[in-house]
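Listed below are the residues making up each chain.
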Amino acid sequence: MPDWLSNMEPHWAWLTVGVLLCAAEIVAPGFFLVWLGVAAIATGVLAFLLPIGVPMQLGVFAVLAFIALYSARRWLKNNPIVSTDPLLNQRGGRLVGEVLTLVTAIENGRGRAKVGDGEWPVRGPDAAEGTKVRVVSAEGGVLVVEAA
């Protein structure tokens, strides 16, 4: 063990770990590490204020981490974060309601439609090439359409 590490006061180690965990939340967001960081910082403050040994500090950290994580999880369950754009990463879902032109006729329920500068597979009632169709839903990478 390096000399500087063995001479470090435990409360400084807790505070350092807490700040690093909070900073790691910025790099790898998941809304998890910040609560462990808060528990570590609180443990460091308690270790600075009270003469408690390292085993007790570990116990305090474990209890505070559990309380912080449980409380945050419960609060988030009761107050979910609502997206302003719930279809942000669902390209097919964003196309619902759009009117498209078939580039390949729908035969036996399958065809292709022009979407922007590309083509998407579509499923729906048989229709000729060039027919306008409206997207009613998306199932994976296939658009479900009806006659427009």
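The structure we're discussing is the one just above.
Residue positions are given per chain, counting from 1 as you read along its sequence in written order. Only residues with pLDDT of at least 70 are given local features in this predicted model, and only at 80 or more are side-chain atom pairs given and counted; all residues enter the totals for whole chains, interfaces and linings. Water and hydrogen atoms play no part in the side-chain values, which are based on all heavy atoms of the structure.

## Observations concerning the packing of aromatic side chains
This is how it is decided: Think of it this way: a Phe, Tyr or Trp ring, Trp meaning its six-membered ring, pairs with another when their centres are within 6.5 Å, and the plane angle makes it stacked under 30 degrees, edge-to-face over 60, tilted otherwise. Strands are runs of DSSP state E lasting at least two residues, helices are runs of H or I lasting at least four, and both sets are numbered from the N terminus onward. Throughout this description, buried means an accessible area under 20% of the type-specific maximum (1.4 Å probe, protein chains only), exposed means over 50%, and partly exposed covers the range between.
Going through the model one piece at a time under the given rule, you end up with 3 aromatic pairs. On the basis of an interplanar angle of 35° and a centroid distance of 5.1 Å, the ring pair of W14 and F61 is categorised as tilted. Of this pair, W14 sits in helix 2 (residues 10–27) while F61 sits in helix 4 (residues 54–78), and the two are 47 residues apart along the sequence. Classification of W14 by relative accessible area gives buried; the value is 12%. With a centroid separation of 6.1 Å and an interplanar angle of 10°, the aromatic rings of F66 and Y70 are classed as stacked. Of this pair, F66 and Y70 both sit in helix 4, 4 residues apart, roughly one helical turn. Looking at F66, the relative accessible area reads 57%, which means it is exposed.

## Notes on helix 3 (residues 33–49)
Note the cut-off: Helix span, as expected, comes to 1.5 Å for every residue beyond the first. Working note: the arc is built from the helix axis to C-beta atom directions.
Between its terminal C-alpha atoms helix 3 stretches 24 Å, which fits the 24 Å expected from 17 residues at 1.5 Å a residue. Taken together, the buried positions of helix 3 are L36, G37, A39, A40, T43, G44 and A47. Projected down its long axis, helix 3 shows its buried positions confined to an angular sector of 160°, all on one face. For helix 3, exposure combined with an orientation more than 90 degrees from the buried face picks out F48 and L49.

## Section: the sheet that holds strand 3 (residues 118–123)
Rule in force here: Between any two strands, pairing holds if DSSP finds at least two bridges. Lines are fitted to the C-alpha atoms to define the axes, a helix being fitted only along its stretch in contact, and any angle between axes, read from their N-to-C directions, falls within 0 to 180 degrees.
Here 5 strands make up a closed barrel; going around it, the order is 1-2-3-5-4 and the pairing mixed. Each neighbouring strand pair of the sheet contributes to a mean axis angle of 50°, computed without reference to strand direction. As defined by bridge partners, strand 3 adjoins strand 5 (residues 142–147) across 2 bridges and the pair is classed as parallel. Paired with R123 across the two strands is V144, which belongs to strand 5.

## Let's talk about the pattern of salt bridges
To keep things clear, this is the line we draw: One side-chain nitrogen of Lys or Arg within 4 Å of one carboxyl oxygen of Asp or Glu is enough to make a salt bridge.
Summed over all chains, the structure comprises 2 salt bridges. For R112, the salt bridge is made with E119, and the minimal N-O distance between the two is 3.2 Å. With a relative accessible area of 31%, R112 lands in the partly exposed category. Taking relative accessible area as the criterion, E119 reaches 43% and is therefore assigned partly exposed.

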